[in-house]
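Descriptive structure summary
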Amino acid sequence: MSKSFYPFFFLLIISQLLLATEKSLQYHDYRDLTRELKTLSKDFPDLIKLQSKGKTIGGKNIWQVTVCRGDDNARPAILIVGGVDGADLAGSELCLEFIRALAADYGRVDSVT
């Protein structure tokens, strides 16, 4: 990954965080997060793949979201993990906003595509 990508990546995350803060001051609960992920996968079926990788002890799905057109094994990838600790809700929100930004900018912004 080129060094020129890092400032863009950082600014993208910060801007999305600020927008998310303006939209809502509440974190998504599991049900709302699942609904958002399913909506994104339906709105961008050629880009976003949602699949359950297993279940928690409480029986909730552990979601994996892949953002890619075509064969996801053919391109370099980045792993972003959120929601590992139930007390750390910001990670899930950052991941959700990042997925939204990638979906909205894919095909329009060269550094995203």
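Residues numbered from 1 in each chain as written. Predicted model: local features only at pLDDT ≥ 70, side-chain atom pairs only at ≥ 80, totals over all residues. Heavy atoms only, no water.

Attention shifts here to the packing of helix 2 (residues 30–43) against helix 3 (residues 89–105). Close contact between helix 2 and helix 3 brings their axes to 11 Å; oriented N to C, the two are set at 15°. When the axis of helix 2 is compared with that of helix 3, the two are roughly parallel. The handedness of the crossing between helix 2 and helix 3 comes out as left-handed. Where helix 2 abuts helix 3, its residues Leu33, Glu36, Leu37 and Leu40 lie against Ser92, Leu96, Ile99 and Arg100. In the contact of helix 2 with helix 3, the residues fall into five nonpolar, one polar and two charged. (Axes fitted to C-alpha atoms, helices over the stretch in contact; angles between N-to-C directions. Helix = DSSP H or I, 4+ residues; strand = E, 2+ residues; numbered from the N terminus. Parallel < 35°, antiparallel > 145°, perpendicular 65-115°, else oblique. Left-handed = near helix turned anticlockwise from the far one by under 90°. Contact = heavy atoms within 4.5 Å. Nonpolar A, V, L, I, M, F, W, Y, C, P; charged D, E, K, R; others polar.)

The next thing to look at is the pairing of strand 2 (residues 61–67). As paired strands, strand 1 (residues 48–55) and strand 2 are joined by six bridges and run antiparallel to one another. Residue pairing in the sheet places Lys49 in a bridge with Thr66 of strand 2. Where strand 1 hands over to strand 2, the hairpin turn is made up of five residues, of which Gly59 adopts a positive phi near 85°. (Pairing = 2+ DSSP bridges.)

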